[in-house]
Amino acid sequence: MTRSGWLAATALIAMAAPAWAGETPLYQPAPAWVELAAVPPLSSFQGEPPAMLLFDGQQRIEDGRSWEYVDVATRAGSAEALAQLSSLTLPWAPDKGDLIIHQLVLIRGDQVIDLLAGGKTFSVLRREENLEAREITGILTATMAVEGVQVGDILRIRYSTTMKDDALAGHVQTVTPLFAAPLRIGSGRLRVQWPKAAAVSWKMQATGDAPKVVTRGGLSELNLILPLAKQPEMPDDAPLRYRHPPLFELSTFASWNDVSRTMAPLYATDGLIAPDAPLAAELAKLKAMPGGDRGRIAAALRLVQDHVRYLAVGMNGGNYVPQTPAQTWTLRYGDCKAKTLLLLALLRGLGIEAEPVLASARMGDFVAQRLPSVAAFDHVFVRVVTAGRPLWLDGTGSGDRVEDLDDAPPFGTVLPLRMAGADPMRIEPHANARALVDLSVDADESGSVKLPSVFDAVAVMRGQAAVMINLALDRMDAKQRDDMIRQVFASQIGTSQFSNLGVTQDSASATVTLRARGVTTTPWYRNDNRYRRAVGKALDGISFAPDRARPAWLDIPVATPPPSGMRYHLRLKLPDGGKGYALEGEQDVARKVAGFDLRRHVTLQDGMLEVEERADATGVEIPAAQVPDERDRLATAEALAPRLVAPVTPLYHWDVSPKDLAAWPQVRRIEEAFAGAIALTPDEVHGYSSRAIFRWAVGDRRNALADIDKAMTIEPDTGLYLLRADWRFKLGDLPGALADARTARQLDPSSLAAIGAVATYLAEGGKLEEAMAMVDQRIAIGGETRDGYRSLKSSLLGTYGDASQAVALLDAHIAEKPGMAMLLNERCWIKATRKIALDSAPQDCTRAIELSQSSVAALDSRAMVWFRMGRPEDALRDLDAVITQAPGQERSRFMRGIVLRRLGRVADGDVDLAVARRIDPHVDADFARFGIKP
């Protein structure tokens, strides 16, 4: 462990208990009751000695005070450790006790060097290190630069802190973190003493043998050897009570009831709002408000949340004693204690019964099994019961309104503070009233399932998300604001091009509303030869995969996420008025699954789909015995999630001429969305490149190339050069294509795609030998891409050169790797297109079909074989199968057009030929080289 690590750990040994002391450390011998430990000699260790040779923690409790003594010896075993030991820092709270330095020495062999000799002392700094986290600690830091430390030296420091807290009414409490393996300590222990007659309770919150208490001279004492054995590993989704760090707790509180009685007087409110004080005027306004008790409760909570900023005060007894409401209102800041006392005073002034409750904001699930003490808590807020229902009111929260009063905070077990005392109670978790995110999307997909989706989106944020956005907006310029809005919508909708960005803040509802128009990649996907689209989001954020395979974990329940919710509303305009489109899955749902409440209603009418969904995490625990059933419920819910299913043959954009496409409302809106996005970010490449791909797809080739040109002036890269090269080639500009491919290769000399493009365009221009030399050079280099270049060589020869040589190369390659479907398909294709060895070609294609996950390419090749063999019906059957799976396969469309014309179905054939040419204007030339023409 590093120096900073063990100092932080030892600092945590000390708990609360102030009695005002000086603001400089004292330099005194250790008290007589301390047993001086010995630093183990290095020769006593087998192998490398640990960095921490000694940790000796000793505590004594008496007269309402704790004295905590620490003795640590650390070895500088390396240059890195030397740097860490070159300075010491000891934090302490002077309002709660003393920091007493007993000894600081360097041990170098047999030599002991006193680092405090000659009157050397620690320097004292007041540093509010947590001020940015809105916390004033009042902590002082004693620091010293350790001079002359050498590798191999041992630094030993012995010091004590004393603590007494008047707010605890004579009670004492300590919470000590315990070191556990695999941390190594040469010699470690925790020794604790208290008067035998005192009512002291202790508890070891760790796995291992509990220490035995012995009596010595009227004192009870226990000793715990450190480090403890390695603590059991726990699943990450176990409740916190299973995953807490190992602790030793000691307390003089007799019970939780005792804790409640002791702390309750701190929250008495009688007379705290003077009749003529400014707060009295605020109270009068609250009394005059309409809306009954709930309305006035919400107004009082809003007053405390919105008009008093949060600032934790941990000085001058502030750990437990709240500042008065008058002070809080004047200062306009306060911590949870101050805000709670202010809210209590207001509510009680309204005649509403209210009580403070202690909570652990981070370890609430652990409270019930802890030792009774105030140290089990780090938060306080207000409980009100109205109409028989508890309301949990947290003044340190933000944005709570009357609709949110019934929400349950995720604090687990809490302790009400009452003059008569009270026992802990559990807050039963449930879904919140309002969703944290309310997302509405109005999408236009009315043209084709293959076109981008264009949408208007509105996201209403509340709670902590709204607070963070509001704070950020105050510090953002316009560009930063727009980037933030983009990030929010991209996280919900996916990567998009955005325009019409806006944000509205509404203090009345404590919400922030974000707006955007966007265009995104089509969400339709092909499965089982039909285009489908997911339409819900409720299940997207639910993950439930508990691991309870280990025998020790079999009975551990699963903690689910704390309460938060998302509402989603989708309004989707479908192609062709929705004709032939159908819904799969559950349309109406109201169920609980994996700790979430799910609600859904879906309608499809007159070409318009509407989805209304709400998913709420509830924070409930799921017993281990229910985990299998819960996983099954989630899997079932996912399988039954609603999906749109397109007709078997929907209208595609390639079925329509570019002129007619330009008039489609969806196409016009996509153009408008891209134009708006580019106008907002004219110096970013993605708007131009995305619009270029869209324009190429709808046949606007001139403007597509203009967009690519613009994108490449902003941020040229290999991918853009290869894309433009491909488009130039398809438009008949072979020199331009070759120039772009060469530039792509210059940008990435090792790119197989770039080298393949250069080689292909060289071969296309009659320079096959130059192309082959380039490919042979890469084959000779070898490496992971060698097989790719071997395949490229075969393809080039098969298309532009000696087909028999290409087949021979493939024969050798396939002999080495007989299971590669790609090679079998390539051999089949070359045989078919070049009309050689046709008798064996069907076997190649059929074998490729059997080995392929997708049969599209091999079926297309086999169709060419049947065509060459004069079997057009068989060719048509395979081409139909290809186009059923991949409707936009332009070469298959072209060949089907050829085959249909051969079969006398000229009109049908011409339709396919027209589609193929819209997709790829070079397709006629590609087949003409093989002698295939309409």
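Higher on the page you've got the structure.
The shown structure was predicted, so the numbers you read here are calculated from the model rather than taken from an experiment.

Engineer: I'm lost on the sheet that holds strand β13 (residues 201–205) in this one. Help?
Structural biologist: Within a sheet, adjacent strands bond to each other through the backbone by hydrogen bonds, running parallel or antiparallel. The three strands lie next to each other as β11-β16-β13, forming an open sheet whose pairing is antiparallel. In the strand order of this sheet, the two ends are held by β11 (173–177) and β13, each with one partner. When the angles between neighbouring strand axes are averaged without regard to direction, this sheet yields 10 degrees. As paired elements, β13 and strand β16 (residues 247–251) share five bridges and run antiparallel to each other. The residue bridging Ser201 from the neighbouring strand is Ser251, located in β16.

Engineer: Mind showing me how you'd approach the nonpolar core here?
Structural biologist: Where a protein is soluble and globular, its nonpolar side chains tend to be buried together. Ranked by size, the top nonpolar core spans 54 residues in total, and within it Trp727, Tyr761, Val775 and Leu796 carry the most contacts. When near neighbours in sequence (up to four residues on either side) are disregarded, Tyr761 contacts Ala725, Asp726, Phe729, Leu734, Ala737, Leu738 and Ala741. The next biggest cluster of nonpolar side chains, apart from the first, holds 47 residues, and it includes Phe253, Leu303, Leu350 and Val367.

Engineer: What should I look at first to understand helix α26 (residues 890–902) in this one?
Structural biologist: Each full turn of the α-helix corresponds to 3.6 residues, which orients residues three or four apart in the same direction. With 13 residues, α26 should reach 18 Å at 1.5 Å per residue; the first-to-last C-alpha distance of 19 Å fits that figure. Taken across its 13 residues, α26 has ten buried, putting it largely inside the fold. Regarding α26, the residues found buried are Glu890, Ser892, Arg893, Phe894, Met895, Arg896, Gly897, Ile898, Val899 and Leu900. A positive backbone phi angle near 90 degrees is found at Gly904, which sits one or two residues after α26.

Engineer: I'm lost on the environment of Leu286 in this one. Help?
Structural biologist: Tracing the chain through its elements places Leu286 in helix α5 (residues 278–287). Classification of Leu286 as buried rests on a relative accessible area of 4%. C-alpha of Leu286 to C-alpha of Leu350: the two residues are 64 residues apart in sequence and 7.7 Å apart in space. In contact with Leu286, other than residues within four places in its own chain, are Arg296, Ala299, Ala300, Leu303, Leu346 and Leu350.

Engineer: Got a minute to help me understand the pattern of salt bridges in this structure?
Structural biologist: Pairing between side chains of opposite charge can happen when their charged atoms approach one another. In total, this model carries 76 salt bridges according to the counting rule given. A salt bridge links Arg108 to Asp153, with the shortest nitrogen-to-oxygen separation between them at 2.7 Å. With a gap of 45 residues between them, Arg108 in strand β5 (residues 99–108) and Asp153 in the loop between β9 (140–145) and β10 (154–163) connect regions that are remote in the sequence. Looking at Asp153, the relative accessible area reads 3%, which means it is buried. Ionic pairing is found between Asp616 and Arg614, a salt bridge with its closest N-O pair at 2.7 Å. Arg614 shares its class with Asp616; the two are buried. Among the charged side chains, a network of salt bridges with common partners joins Glu35, Asp56, Arg189, Arg191, Arg216 and Glu221.

Engineer: It is not clear to me how the packing of helix α16 (residues 718–730) against helix α18 (residues 752–764) should be interpreted in this structure. Could you clarify?
Structural biologist: Axes are the key here: two packed helices are described by the angle between their axes and the distance separating the axes. Look at α16 against α18: their axes get within 11 Å of each other, and the N-to-C directions meet at 20 degrees. With respect to α18, the axis of α16 lies roughly parallel. As α16 runs across α18, the sense of the crossing is left-handed. Contact residues: Leu722, Ala725, Asp726 and Phe729 in α16; Ala753, Ala754, Ala757, Tyr761 and Glu764 in α18. Taken together, the residues of the contact of α16 with α18 break down into seven nonpolar, no polar and two charged.

Conventions and cut-offs
Residues numbered from 1 in each chain as written. Predicted model: local features only at pLDDT ≥ 70, side-chain atom pairs only at ≥ 80, totals over all residues. Heavy atoms only, no water. Pairing = 2+ DSSP bridges. Helix = DSSP H or I, 4+ residues; strand = E, 2+ residues; numbered from the N terminus. Axes fitted to C-alpha atoms, helices over the stretch in contact; angles between N-to-C directions. Core = buried A, V, L, I, M, F, W, Y, C linked by side-chain atoms within 4.5 Å. Buried < 20%, exposed > 50% of the residue type's maximum accessible area, 1.4 Å probe, protein only. Contact = heavy atoms within 4.5 Å. Expected span 1.5 Å × (residues − 1). Salt bridge = Lys/Arg side-chain N within 4 Å of Asp/Glu carboxyl O. Parallel < 35°, antiparallel > 145°, perpendicular 65-115°, else oblique. Left-handed = near helix turned anticlockwise from the far one by under 90°. Nonpolar A, V, L, I, M, F, W, Y, C, P; charged D, E, K, R; others polar.

Any functional reading would require information beyond the geometric quantities listed.
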